[in-house]
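The chain contents come next:
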Amino acid sequence: MNTQAAEGFGDFADDMDNGPTFVPRRRSFSADGIAQSIRNFATLSEALRVLGAAVLVASMSVFLLQGWSEGNDISRYLLLLTQTGLLAAAGFAMSHGLRETKGARIFFGLALVSIPANFTILSALLYSVFQWDGGLSTYPDYAHWTIESMAGVGVTFAGAMLVLIPVTMFCFAIMARHSSKLLSLHFLVLNTLLLLPIRNSIAAGTIALLGVMYALLVLGKLTTKDRSLKTGEGKFALATLFIPIGIILFRSMYFYQIDSLMIAMVSMAMFMASRQVSMFQDRGPRVALMLESLSVPIAAVFALSLTDALGPMLVNALNGPVFATIYMLLALDIMRRTESPRFARLLVATTSITVALCFSLSVAGYPGALTAILSLAAGAILLLVGLSIRSHVAAFAGFVTLAVGTLFGMEKIWQLVLTSSWIDLAIFGTCAIVLGSIIDRHGVVIKLHLVKWFDAIGDRRARIALDD
């Protein structure tokens, strides 16, 4: 018998009496086909889950700004509170009724996300009757929530807590069972920051900065005690701690005037958050390098905005040195904790050039004894550091800063000496003697600490090179 395959449908068999006849092939299910079908359905289900979650988050976001036109503000708020309860109930029904855990976790996660939205509306209702500032008149109409009296706020708040506190504890019990109580407590504490009846940018920035510090402290302690927080659900539970802080910042920046101090606080909060995440033990080296690289422009924004905020208290000649000093301190922190030798060398070079330019332009644009002394001091420090860590760029930048300070400021320094009284010179000389004695007494200890610090950095880089 001679057979010939027909593409996917069957075989032709040669019959000696009747000629070729078609024999249908039986349909069979291969393991690869079944696996591919499962993958296709899994991809579709994940896409549907993401789409549904995005639509629900969008609905809550629109509600925060606009809400619905029917009814008063309390009845509209109860709709959002009902939505939060329904999300938790849907998650419970899917986990215990349909036995579908992935969809249930999405509903529980959305319920957690909606809790800060509920606190935001409660804050707006409270702010309509009780304020620590006079910012209520600056609210746009579509975001203006009002209530008649403090008694109404109290009743609404008590009713909301009866829903929000159990939902918070239940959702965290699903996401991070071992740390659910602590996470629930800290999450509710951070959400109470939204209730503070103050909206100006300086206060909001201060509250947000304190909130970030609190959240990072909690995050650092919990991750060392509970390893389950390193899973996807655990990381999401930890990330929800920062949602109230983000709402505080967005609310202040969207509805009110943004000033330099506000930008400085926001950038410092971002710097601290990226710093904490980059130092996690289980993060990859590429993630750490990305966060450290992102911290550099954030540090520049912080230094620039803080210098601008301090502008009324500073003379123009000191703007450059103040900016360079602030930026250098943050850059030193990045250099100390980075595990990439190339990035550390690049940061040393760019920071040295920035410091040299700021101090040199300051003494060149505003020649004076103070700017000259600062330029000479900065140049000497750069030169010594460059020689200590064998950085040619830092040493050259220090030499240039010394030269510019000498060229533009030495005459001013000499005039200051000639015009100063003998008492001023005596005080300066006494301070120099005392400083020399301190260096003689504790200089060795300071040097040992510096050597130990640089050796630790060198050992860490050597270990990284050996691992690579």
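Cut-offs and rules
- Numbering of residues starts from 1 in every chain and runs along the sequence as written.
- Under the rules for a predicted model, residues below a pLDDT of 70 receive no local features and side-chain atom pairs below 80 are neither given nor counted, while totals for whole chains, interfaces and linings still include all residues.
- Based on all heavy atoms of the structure, the side-chain values leave hydrogens and waters out of the count.
- Where helices and strands are cited, they refer to DSSP runs of H or I of at least four residues and of E of at least two residues respectively, numbered from the N terminus.
- Note on contacts: a residue pair is in contact if any heavy atoms of the two residues lie within 4.5 Å.
- Computed by Shrake-Rupley with a 1.4 Å probe, the accessible areas treat only the displayed protein chains as cover when residues are assessed.
- Aromatic rings from Phe, Tyr and Trp, with only the six-membered ring used for Trp, were paired whenever their centres fell within 6.5 Å, and each pair was classed as stacked if the ring planes differed by under 30 degrees, edge-to-face if by over 60, and tilted otherwise.
- By nonpolar core is meant a set of buried Ala, Val, Leu, Ile, Met, Phe, Trp, Tyr and Cys residues that side-chain atoms within 4.5 Å join together.
- For every residue, the accessible area obtained with a 1.4 Å probe (protein chains only) is divided by the maximum for its type, and the residue is called buried under 20%, exposed over 50%, and partly exposed between those limits.
- Take the number of residues in a helix, subtract one, and multiply by 1.5 Å to get its expected span.
- Here pLDDT means the predictor's own confidence in every residue, given as a number from 0 to 100.
- One side-chain nitrogen of Lys or Arg within 4 Å of one carboxyl oxygen of Asp or Glu is enough to make a salt bridge.
- Where helices are involved, their axes are fitted lines through C-alpha atoms of the stretch in contact, as for all axes, and angles between N-to-C directions lie from 0 to 180°.
- In these notes the angle categories are as follows: under 35 degrees is roughly parallel, over 145 is roughly antiparallel, 65 to 115 is roughly perpendicular, and the rest is oblique.
- Crossing handedness follows the turn of the near helix against the far one: under a right angle anticlockwise gives a left-handed crossing, and clockwise gives a right-handed one.
- Patch membership is restricted to residues that have no salt bridge and whose relative accessible area is over 30%. Joining uses 9 Å for like charges and 5 Å for the nonpolar side chains Val, Leu, Ile, Met, Phe, Trp and Tyr.
- Polar contact is defined as a pair of N or O atoms within 3.5 Å, subject to the rule that within protein one atom must be able to donate a hydrogen and the other to accept it, and that residues adjacent in sequence are counted only when both atoms are side-chain atoms.

**Quick notes on the overall build of the protein chain**
Next, step 1: Within the protein chain one finds 15 helices and 3 strands.
Next, step 2: At a minimum sequence separation of 6, the contacts of the protein chain that also span at least 24 residues come to 68%.
Next, step 3: Looking at the protein chain as shown, the accessible area adds up to about 27,200 Å², and 69% of this sits on carbon and sulfur atoms.

**Let's talk about the packing of aromatic side chains**
Next, step 1: For the coordinates displayed, the defined rule picks out 3 aromatic pairs.
Next, step 2: Both rings, one in Phe 323 and one in Tyr 327, keep their centres 6.2 Å apart while their planes meet at 10°; by these two values the pair is stacked. Residue Phe 323 and its partner Tyr 327 are located together in helix H11 (residues 319–337), separated by 4 residues, close to a single helical turn.

**Topic: the nonpolar core**
Next, step 1: In terms of nonpolar packing, the biggest core is built from 83 residues, with Phe 119, Leu 164, Leu 183 and Leu 241 touching the most fellow members.
Next, step 2: Discounting chain neighbours no more than four positions away, the residues touching Leu 183 are Phe 172, Ala 176, Leu 222, Leu 229, Ala 237, Leu 238 and Leu 241.

**A short note on helix H9 (residues 260–278)**
Next, step 1: When the terminal C-alpha atoms of H9 are compared, their 27 Å separation across 19 residues agrees well with the 27 Å that a helix rising 1.5 Å per residue should span.
Next, step 2: Residues of H9 that are buried include every one of Ser 260, Met 262, Ala 264, Met 265, Val 266, Ser 267, Met 268, Ala 269, Phe 271, Ser 274 and Ser 278, and no others.

**As for the confidence of the model for the protein chain**
Next, step 1: Residues with a pLDDT of 70 or more make up 64% of the protein chain, whose mean pLDDT is 75.
Next, step 2: Per-element averaging of pLDDT across the protein chain places strand E1 (residues 3–6) at the bottom with 45 and helix H5 (residues 180–192) at the top with 92.
Next, step 3: Across residues 37–42, where pLDDT falls below 50, the model places 0 contacts with residues more than four positions away in sequence or in other chains.

**As for the pattern of salt bridges**
Next, step 1: By the definition in use, this model includes 4 salt bridges.
Next, step 2: Residue Asp 333 pairs with Arg 336 through a salt bridge whose shortest N-O separation is 3.5 Å. One end of the pair is Asp 333 and the other is Arg 336, both in helix H11 and 3 residues apart, which spans about a single turn.
Next, step 3: Note on Asp 333: relative accessible area 15%, which makes it buried.
Next, step 4: With a shortest N-O distance of 2.9 Å, Arg 337 and Asp 333 are connected by a salt bridge.

**A short note on unusual backbone geometry**
Next, step 1: Even without a glycine there, the phi angle at Arg 390 is positive, about 60°.
Next, step 2: With respect to the helices and strands, Arg 390 occurs in the loop between helix H13 (369–389) and helix H14 (392–419).
Next, step 3: On the accessibility criterion, Arg 390 (75% relative accessible area) is exposed.

**Concerning the environment of Ala 380**
Next, step 1: Position of Ala 380 relative to the elements: it lies in helix H13.
Next, step 2: In the structure, Ala 380 is positioned 21 residues away from Thr 401 in sequence and 8.2 Å away in space, judged by C-alpha atoms.

**Describing the side chain of Ser 362**
Next, step 1: On the secondary structure map, Ser 362 appears in helix H12 (residues 341–365).
Next, step 2: Accessibility expressed as a relative area gives 5% for Ser 362, which makes it buried.
Next, step 3: With near-sequence residues (within four places) excluded, Ser 362 lies in contact with Ala 317, Pro 321 and Thr 371.

**A word on the packing of H12 against H13**
Between two packed helices, both the angle of their axes relative to each other and the distance between the axes serve to describe the pair.
Next, step 1: Between H12 and H13, whose axes approach to 9 Å, the crossing angle comes to 160°. One finds that H12 runs roughly antiparallel with respect to H13. Of the two possible hands of crossing, H12 and H13 adopt the one that is left-handed. Only Thr 371, Ala 372, Leu 374, Ser 375, Ala 378, Leu 382 and Ile 389 of H13 make contact with H12, whose side of the interface consists of Val 348, Ser 352, Val 355, Ala 356, Phe 359, Ser 362 and Val 363.

**What to know about the environment of Ala 349**
Next, step 1: Locating Ala 349 in the fold gives a position in helix H12.
Next, step 2: We classify Ala 349 as buried; its relative accessible area is 16%.

**Some details on helix H10 (residues 285–309)**
Next, step 1: End to end, H10 covers 36 Å across 25 residues, agreeing with the expected 36 Å (1.5 Å per residue, within 8%).
Next, step 2: For H10, every residue scored as buried is listed here: Ala 288, Leu 291, Glu 292, Ser 295, Val 296, Ile 298, Ala 299, Phe 302, Ala 303, Ser 305 and Thr 307.

**Looking at a nonpolar patch on the surface**
Next, step 1: Among the surface-exposed residues, Ile 353, Leu 357, Leu 361 and Val 393 lie close enough to one another that they form a single nonpolar patch of about 360 Å² accessible area.
Next, step 2: Here the element with the most residues in the nonpolar patch is H12; it accounts for 3 residues.
Next, step 3: By the element assignment, Ile 353 lies in helix H12.

**Notes on the side chain of Thr 223**
Next, step 1: Within the secondary structure, Thr 223 is located in helix H6 (residues 201–225).
Next, step 2: A polar atom in the side chain of Thr 223 sits 2.7 Å from the backbone oxygen of Leu 219.
Next, step 3: A polar atom in the side chain of Thr 223 sits 3.2 Å from the backbone oxygen of Gly 220.

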